[in-house]
Amino acid sequence: MGKKVVKFGGSSLASAEQFKKVGAIVLSDPDRRYVVPSAPGKRNKNDTKVTDMLYDCYAAAANGENFDGKLKAIRLRYQEIIDGLGIDLSLQLEFEEIRQNFLNHIGSDYAASRGEYLNGRIMAAYLGYEFIDAASVIYFRQDGQFDSEKTEAILSQRLANTEYAVIPGFYGAYPNGAIHTFSRGGSDITGSIVSRAAKADVYENWTDVSGFLIADPRIIDDPKRIDVITYKELRELAYMGATVLHEDAIFPVRQAGIPINIRNTNEPDDPGTMIVATTCRQPKYTITGIAGKKGFVSINIEKDQMNTEIGFGERVLRCFADNGISFEHMPSGIDTMTIVVHQDEFEEKEQQVLSGIQMLAKPDHVEVETDLALIAVVGRGMRSTRGTAGRIFSSLAHQRVNVRMIDQGSSELNIIIGVAQEDFERAIKGIYDIFVTARL
């Protein structure tokens, strides 16, 4: 018998109707043995996530205000799900305990974690699975860092003796038992940790999209799905703003060699996207994906015979480091180098950085170019395909987009292009058209 860990996001568990879809998915495959639920998300665009309701309720309690009305609203959300599922379950004792802990000002991490905890209680009752409180198997050190070794030892032992279980996402406990949460979206991380401890065959991450898309659907109408993507490709795209999965969720399963399958709760027959360590499968298109961000600035530095001056680059970068600014990219030529940084970070320390460069590096000329957007074109297929860069620049010329910067990684896995922010959407459309639309 195989093992699958299945994590469901907030939109997948926002209502009794969504819960029923999740139950059907879990019970349709006996290999889906460990379920990691999020807190209920929005039922519609004007709704409020339960986690946000809990934060708001606890803030009222912490300020000494009457929070009974806010807590009742949260309780009604869960009761609506329980009634809709027709299960025999009371959360009265849990809500009494929550109310007392709020009065005792137990902390906002505890408050936020109750969304997943209560949803886990309902999920376990609905499926007939054992409930395992994440606080009893997922641990943080006193400094707030995740305690991987202790968690692995205790959780793997617990799961070895448990055939089917629900483990709430998003939180764990300090050594003294106090609740601590991961950052927002942390249920993805819990699912990954459980997958590693269970030695799962697959970690299925169910959400409201059918996997990763080649490009942002807000820019491209109905973009094609990515069937298979490697962890390295995913890292490049996530860094440039493509978000489906919490970034920290990748590492536990990557270490264990467990693939992640991004699936759509509302389209359960859709195969979604497989995220793997490596694959011999060539992508359908030369590129795997396109992603980008706005809000960059480039500092272009010129100096004759720069390449012969030992330590020149180090002195320039020290000016940024001394002002707490990290650089994003650094393309260079024989007598030129360009530092690309986030514009909002740079603006605050602009004059300190520029005067530092003049003092330490003594350049011939410094020019600042603002309002840049960076676009990453990522794909393992680019390594073995001639003329990829040429096709990218041909597509941009066709769209009348001026390229301000080019930076290609040594892995040949990605090409970064800098364009004016006003050309951002047009550039992405041009690249998508030449690699994807032209192939259809």
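Since the model is a prediction, treat every value here as computed from it, not as a measurement.

## Let's talk about the overall build of the protein
Thought 1: Secondary structure assignment for the protein yields 13 helices and 15 strands.
Thought 2: When the backbone C-alpha atoms are referred to their principal axes, the protein occupies close to 75 × 55 × 40 Å.
Thought 3: A separation of at least 24 residues holds for 76% of the contacts in the protein among residues at least 6 apart in sequence.
Thought 4: A total of about 20,100 Å² of accessible surface is found on the protein, and carbon and sulfur atoms cover 46% of it.
Thought 5: Across the protein, the 49 positively charged side chains and the 60 negatively charged ones have centroids separated by 4 Å.

## Examining the pairing of strand β9 (residues 260-264)
Taken residue by residue, a regular strand's side chains alternate between the two faces of the sheet.
Thought 1: Burial runs high along β9: five of the five residues are buried.
Thought 2: Neither face of β9 is left uncovered, since the one carrying Ile260, Ile262 and Asn264 and the one carrying Asn261 and Arg263 both have all their residues buried.
Thought 3: Taken together, the five bridges between strand β7 (residues 202-207) and β9 define a ladder with parallel strand orientation. If you follow Thr207 over to β9, its bridge partner there is Asn264.
Thought 4: Bridging between β9 and strand β10 (residues 273-276) involves three bridges; their strand directions are antiparallel. Bridged to Asn261 within β10 is Met274.

## Here we look at the sheet that holds β10
Thought 1: Ordered in space as β3-β4-β2-β1-β7-β9-β10-β8, the eight strands form an open sheet in which the pairing is mixed. For this open sheet the edge positions go to β3 (130-131) and β8 (228-230), each flanked by a neighbour on one side alone.
Thought 2: Contacting β1 (4-8), β2 (32-37) and β7, helix α1 (residues 16-27) runs over the sheet at an angle of about 170° to β1.

## Brief notes about the pairing of strand β11 (residues 289-302)
Thought 1: Pairing between β11 and strand β13 (residues 365-378): 12 bridges, direction antiparallel. Looking at β13, one finds that Ile290 is bridged to Val377.
Thought 2: Where β11 and strand β12 (residues 336-342) come together, seven bridges link them in antiparallel fashion. Counterpart to Ile301 in the pairing with β12 is Met337.

## Regarding the packing of helix α4 (residues 92-103) against helix α5 (residues 108-127)
Thought 1: Running from N to C, α4 and α5 point in directions that differ by 175°, and their axes come no closer than 12 Å. Put simply, α4 runs roughly antiparallel to α5. On α5, the residues that touch Glu94, Phe95, Glu97, Ile98, Asn101 and Phe102 of α4 are Tyr110, Ala111, Arg114, Tyr117, Leu118 and Arg121.
Thought 2: Residues belonging to the contact of α4 with α5 are distributed by class as follows: seven nonpolar, one polar and four charged.

## A word on the pattern of salt bridges
Thought 1: The final tally for this structure, using the stated rule, is 23 salt bridges.
Thought 2: Residue Lys4 pairs with Asp29 through a salt bridge whose shortest N-O separation is 2.8 Å. Here Lys4 is found in strand β1, whereas its partner Asp29 is found in the loop between α1 and β2, with 25 residues between them in sequence. Each member of the pair Lys4 and Asp29 is classed as buried.
Thought 3: When the shortest N-O distance is used, the salt bridge between Glu204 and Arg32 registers 2.7 Å. Separated by 172 residues along the polypeptide, Glu204 in strand β7 and Arg32 in strand β2 bring together distant segments of the chain.
Thought 4: It is possible to trace a salt-bridge network through shared partners that takes in Lys4, Asp29, Arg32, Glu204 and Arg263.

## Description of the packing of α1 against helix α3 (residues 68-85)
Thought 1: The N-to-C vectors of α1 and α3 enclose an angle of 55°; their axes lie 8 Å apart at closest approach. Considering their axes alone, α1 and α3 lie oblique with respect to each other. In this structure, α1 crosses over α3, and the sense of that crossing is right-handed. Taken together, the residues of α3 that come into contact with α1 (itself represented by Ala16, Phe19 and Lys20) are Glu80, Ile81, Gly84 and Leu85.
Thought 2: When the residues that make up the contact of α1 with α3 are grouped by side-chain class, the tally is four nonpolar, one polar and two charged.

## Side note on α1
Thought 1: In this model, α1 (12 residues) spans 16 Å end to end at C-alpha, consistent with the 16 Å of a helix rising 1.5 Å per residue.
Thought 2: All of the buried residues along α1 are Ala16, Gln18, Phe19, Val22, Gly23, Ile25 and Val26.
Thought 3: Check the buried side of α1 and you find it contacts β1, β2, α3, α5 and β7.

## Here's the deal with the packing of aromatic side chains
Thought 1: Here the structure, examined in full by the defined rule, presents 10 aromatic pairs.
Thought 2: Between Phe102 and Tyr110, the ring centres sit 6.4 Å apart and the planes meet at 80°, which makes this aromatic pair edge-to-face.
Thought 3: On the accessibility criterion, Phe102 (0% relative accessible area) is buried.
Thought 4: Since its relative accessible area comes to 7%, Tyr110 is described here as buried.

## Description of helix α2 (residues 50-62)
Thought 1: Here α2 is 13 residues long and its end C-alpha atoms lie 18 Å apart, about the 18 Å a rise of 1.5 Å per residue gives.
Thought 2: The complete set of buried residues in α2 reads Val50, Thr51, Met53, Leu54, Cys57, Tyr58, Ala60 and Ala61.
Thought 3: Where α2 is buried, its residues contact α3, α4 and α5.
Thought 4: One or two positions beyond α2, positive phi appears at Gly64, with a value near 75°.

## Points about the environment of Ser395
Thought 1: Locating Ser395 in the fold gives a position in helix α12 (residues 388-398).
Thought 2: Residue Ser395 is classed as buried on the basis of its relative accessible area of 4%.
Thought 3: Residues contacting Ser395, with those up to four places away along its chain left out, are Gly430, Ile431 and Ile434.

## Comments concerning the environment of Met1
Thought 1: Within the element layout of this structure, Met1 appears in the segment before β1.
Thought 2: With relative accessibility at 63%, the residue Met1 sits in the exposed group.
Thought 3: In contact with Met1, other than residues within four places in its own chain, are Pro30, Asp31, Arg33, Glu163 and Tyr164.

Procedures and definitions
- Residues numbered from 1 in each chain as written.
- Predicted model: local features only at pLDDT ≥ 70, side-chain atom pairs only at ≥ 80, totals over all residues.
- Heavy atoms only, no water.
- Helix = DSSP H or I, 4+ residues; strand = E, 2+ residues; numbered from the N terminus.
- Contact = heavy atoms within 4.5 Å.
- Areas by Shrake-Rupley, 256 points an atom, 1.4 Å probe, with all protein chains shown as cover.
- Lys, Arg positive; Asp, Glu negative; His and termini not counted.
- Charge placed at Lys NZ, Arg CZ, Asp CG, Glu CD.
- Buried < 20%, exposed > 50% of the residue type's maximum accessible area, 1.4 Å probe, protein only.
- Pairing = 2+ DSSP bridges.
- Axes fitted to C-alpha atoms, helices over the stretch in contact; angles between N-to-C directions.
- Parallel < 35°, antiparallel > 145°, perpendicular 65-115°, else oblique.
- Nonpolar A, V, L, I, M, F, W, Y, C, P; charged D, E, K, R; others polar.
- Salt bridge = Lys/Arg side-chain N within 4 Å of Asp/Glu carboxyl O.
- Left-handed = near helix turned anticlockwise from the far one by under 90°.
- Expected span 1.5 Å × (residues − 1).
- Phe/Tyr/Trp six-rings, centres within 6.5 Å; stacked < 30°, edge-to-face > 60°.

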